[in-house]
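# Secondary and tertiary structure notes
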Amino acid sequence: MHESFARDLARILTDYSSPVKPGERVTIAGNIETAGPLLEALVEAVLARGGFPNVQAAAMISPDYTPYYELFLREASDEQLDHLDSTIMHWVNESDALFFVKAPANTKALSSVDPARVARYRRTIQPFGETYLSRYAERTLRWTVCAWPTQALAQTAEMSLLDYRDFLYAAYGLDQPDPVAYWEGFREMQDRLVEWLKGKSHVEVRGPGIDLSFEYDGRPWINCDGQLNFPDGEIFTSPVEDSVNGTVAFNYPSVYQGYEVEGVRLRFENGRAVEASAAKNEALLLSQLDVDEGGRTLGEFAIGTNKGVTRYTRNTLLDEKIGGTIHMALGRSYAESHGKNQSAIHWDMVHGMQDGGEIWVEGELFYRAGGFMVK
Amino acid sequence: MIENFAPKLARVLTEYSVPIQRGDLVMINAPIEALPLIEALYEAVLARGGHPVSVPALPSLRDILVRNATDEQLDFLNPLAMTMMEKADVLYSILAPSNTMSGAQVPPERSARLQKAQRPVMETYFKRSFEGSLRWNICAWPTQAAAQQAEMGLLAYSEFIYRACALDQPDPVAHWQAVAERQDRLIAWLAGKERVEVRGPGVDLAFRLDGGRTWINCRGDKNFPDGEIFTCPLEDSVNGTVAFSYPTISGGREVRGISLTFENGRVVRASAEHGEDYLLSQLDLDDGARTLGEFAIGTNKGIQRFTGETLFDEKIGGTIHMALGQSIEEAGGTNKSQIHWDIVHSMRNGGEIWVDGDLFYQNGDFVMEA
């Protein structure tokens, strides 16, 4: 058992991921019933660094952060669903840093709620998401999403809570002698990879289940080093929208809106997924691809680099970081990597490269079987 | 939102399911997640003059044991558990999981070892239950883990259990008494009849019931909620095929799309769309695993959806279920096996049951009642 999981994690979050400075207003959002130890440790760490902690222990922004989400969505009138709580907007506008602690009590909490009501309330709170993203883009706000082990996450991963705790502990690098130094080294390693990729364009991905090529034409690769997501570990770019050609048969399942889609196969022609099939939940896949014009375009190509994430757990935050995998997202691309694709979806799908998968960049072998071949 | 329904449920359990008598030693076997129902049962047993005893289980302790124990420690039999099983007059077991998958990564030989060590407790349970000196009931209390498995929120799942237990009826005890009487009438009609044919989408099966087989009325005494009648087919008489419409979750593993072909009582072909390896390994576990140990009709119309919890799924009104393996002595069955694996099939879309040439059941309803 771990003596100081929450404290050690709070220290990395406030020291490395989002370094808290004296006088900063720091909002910590998380479900008091399931994330109590980490919320407490974050309050302590923020206080120690001279910040002003503000705990939102049941914020009505997602079922991950409140025990009352199902109750609210079931019982609220349309008028109540359309009401945006001004206190949420207050702290998203006034904070210097946000920590989102994901600790769901039930990963299927919304499966039994009318989807139209879920969608209606999501529209209501859209200003919340837009505000923190735009304040982040203006560099007036930092935000970090992390996870705290719960029975629900463990059950979803088909693990006991004890095994799941060990799994997350290693994913966070807390088993390293000096976790902050470990993550600083991690950041530098990914900086070198991103630097090497700079200014290049032609990528070929080959191996079991995959034969794909695309251009990124000088678009940047982004170093995901634990500032926004924690745990972290990936580098990604946005392929030129019409340049993607080839096929991929994803060897990991993917979870979308709580449903598991298995055995996804895609064939791209000039940037569009012209053929798509799945062994399980194919109808969901096809309906999402056709949700809008951008649903069949690749919005992201990424390489997962976290060797502490050793297994698939049906949680995209972690699955896409598995060291030795790549992932691709259909739909919306990211502005920071100069992507131009617009869509309502951004669906990450993970493919294992451990069995001899290769990535060639401008004719040079960049990556093989889960390891990087360049310095 | 529904109120705390534990007191209402406890009343049915102590008054109808297992009527508590003055002086009964009543063991409440439950994990701490069932706290509201443990408290309510404790109070109800006291009110009826019984002696309630409960040592609520902490599920994490089992996880620690399975991870850390030496073989010698896995083989250890808790003498307190044995004493309780020998002495109790009544045993209430409450299903209230904190994680339905906590055993999924446990090496099978370790869980088997743990199970084996507990065998004397289980044998005492079966022996005393058969003799009638131990009365018992298995019920459920809603938890997030069970709700998540059913793909529901906790509130929706609580309402589901509330209705399944008929606690939404004006007088639940009267409701369950009526269930018992109705099922008695069905069984009276079935008594002495011999040949059963089951037909419809996904099923074409025949078996015989001669040789002292009886139908048993599951009226809420041993399971709660309840609602089924079952029998044990003559072991070598089962012929035909069934492609089960519902999945099963057994030992933390989901198996779905199960198809079975029976020839003279044995499964001669078996396949599954998902989890086929596990299905086949269970069928080959011992000599009796390929024999049908039970045939049953679920009658609880308060249960209309699949949840992955067998206690509920096998009672869904409009379904039948069949169990591979161990049969039930009470109904005259003689098959022996380590497994008793219930698998559920919907009959609502045109399923029929014919008994000695008469149409007994159609589309989920008993034709004989019309």
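Residues numbered from 1 in each chain as written. Chains lettered and ligands numbered in written order. Predicted model: local features only at pLDDT ≥ 70, side-chain atom pairs only at ≥ 80, totals over all residues. Heavy atoms only, no water.

### Considering the interface of chain B and chain A
- With 25 residues of chain B in contact, the opposing surface of chain A contributes 28 residues.
- Note on chain B versus chain A: buried area summed over both sides is about 2,200 Å², and carbon and sulfur give 45% of it.
- Where chain B meets chain A, there are 4 salt bridges.
- Among the salt bridges present, the one from Asp163 of chain A reaches Arg67 of chain B, with a minimum N-O distance of 2.6 Å.
- At the surface where chain B touches chain A, the tally comes to 19 residue pairs in polar contact (both at pLDDT 80 or more).
- Looking at the side of chain B that touches chain A, the elements that each hand over two or more residues are α3 (59–68), α8 (144–149) and α9 (154–164) of chain B.
- Ranked by residue count, the leading element in the side of chain B that touches chain A is α8 of chain B, at 5 residues.
- When grouped by side-chain class, the residues that make up the side of chain B that touches chain A number 10 nonpolar, 10 polar and 5 charged. (Contact = heavy atoms within 4.5 Å. Buried area = accessible area lost by both parts, 1.4 Å probe. Salt bridge = Lys/Arg side-chain N within 4 Å of Asp/Glu carboxyl O. Polar contact = N/O pair within 3.5 Å; in protein donor to acceptor, adjacent residues only side chain to side chain. Helix = DSSP H or I, 4+ residues; strand = E, 2+ residues; numbered from the N terminus. Nonpolar A, V, L, I, M, F, W, Y, C, P; charged D, E, K, R; others polar.)

### Some points on the packing of aromatic side chains
- Within this structure, the stated rule accounts for 43 aromatic pairs over all chains.
- Measuring from ring centre to ring centre gives 4.1 Å for Tyr256 of chain A and Trp347 of chain A, while their planes differ by 20°; the resulting arrangement is stacked. In this pair, Tyr256 of chain A sits in strand β11 (residues 254–256) while Trp347 of chain A sits in strand β17 (residues 346–352), placing the two residues 91 residues apart along the sequence. With respect to class, Tyr256 of chain A is no different from Trp347 of chain A; both count as buried.
- Aromatic pair Tyr157 of chain B and Phe160 of chain B: ring centres 5.8 Å apart, planes at 25°, arrangement stacked. Of the two residues, Tyr157 of chain B and Phe160 of chain B are both situated in helix α9; the distance of 3 residues between them amounts to about one turn of the helix.
- Each member of the aromatic cluster is reached from another via a ring pair, and the members are Phe5, Tyr16, Trp148, Tyr169, Tyr172, Tyr182, Trp183, Phe186 and Phe230 of chain A.
- When the ring centre of Trp196 of chain A is taken as origin, the NZ or CZ atom of Lys200 of chain A, which lies over that ring, is 4.0 Å away. (Phe/Tyr/Trp six-rings, centres within 6.5 Å; stacked < 30°, edge-to-face > 60°. Buried < 20%, exposed > 50% of the residue type's maximum accessible area, 1.4 Å probe, protein only. Lys NZ or Arg CZ within 6 Å of the ring centre and 35° of its normal.)

### Considerations on the sheet that holds strand β17 (residues 340–346) of chain B
Residue and element names in this part refer to chain B.
- Reading across from one edge, β7-β9-β15-β16-β17 is the order of the 5 strands in this open sheet, with antiparallel pairing throughout. Strands at the two margins of the open sheet, each flanked by one partner only, are β7 (216–218) and β17. Recorded for the sheet is a direction-independent mean angle of 25° between the axes of neighbouring strands.
- Pairing between strand β16 (residues 319–325) and β17: 7 bridges, direction antiparallel. Bridge pairing in β17 places Met322 opposite Ile343.
- Taken strand by strand, helix α10 (residues 172–190) contacts β7 and β9 (228–231), and its axis lies near 160° from that of β7. (Pairing = 2+ DSSP bridges. Axes fitted to C-alpha atoms, helices over the stretch in contact; angles between N-to-C directions.)

### Re the pattern of salt bridges
- Per the counting criterion, the structure on display carries 42 salt bridges over all chains.
- Between Asp96 of chain A and Arg25 of chain A there is a salt bridge; the shortest N-O distance is 3.4 Å. In this pair, Asp96 of chain A sits in the loop between α5 (86–94) and β3 (97–102) while Arg25 of chain A sits in strand β1 (residues 25–30), placing the two residues 71 residues apart along the sequence.
- In this structure Arg25 of chain A comes out as partly exposed when scored by relative accessible area, which is 39%.
- Glu197 of chain B is the partner of Arg195 of chain B in a salt bridge, and the nearest nitrogen-oxygen pair spans 3.6 Å.
- Taking the relative accessible area as the measure of exposure, Glu197 of chain B reaches 24% and is therefore partly exposed.
- If you follow the salt bridges from partner to partner, you end up with Arg11, Asp15 and Arg49 of chain A in one network.

### Some thoughts on the confidence of the model for chain B
- Scored by pLDDT, chain B has a mean of 94; 99% of the residues are at 70 or more.
- Among the scores for the predicted complex, ipTM is 0.88 and pTM is 0.91. (pLDDT = per-residue confidence, 0-100.)

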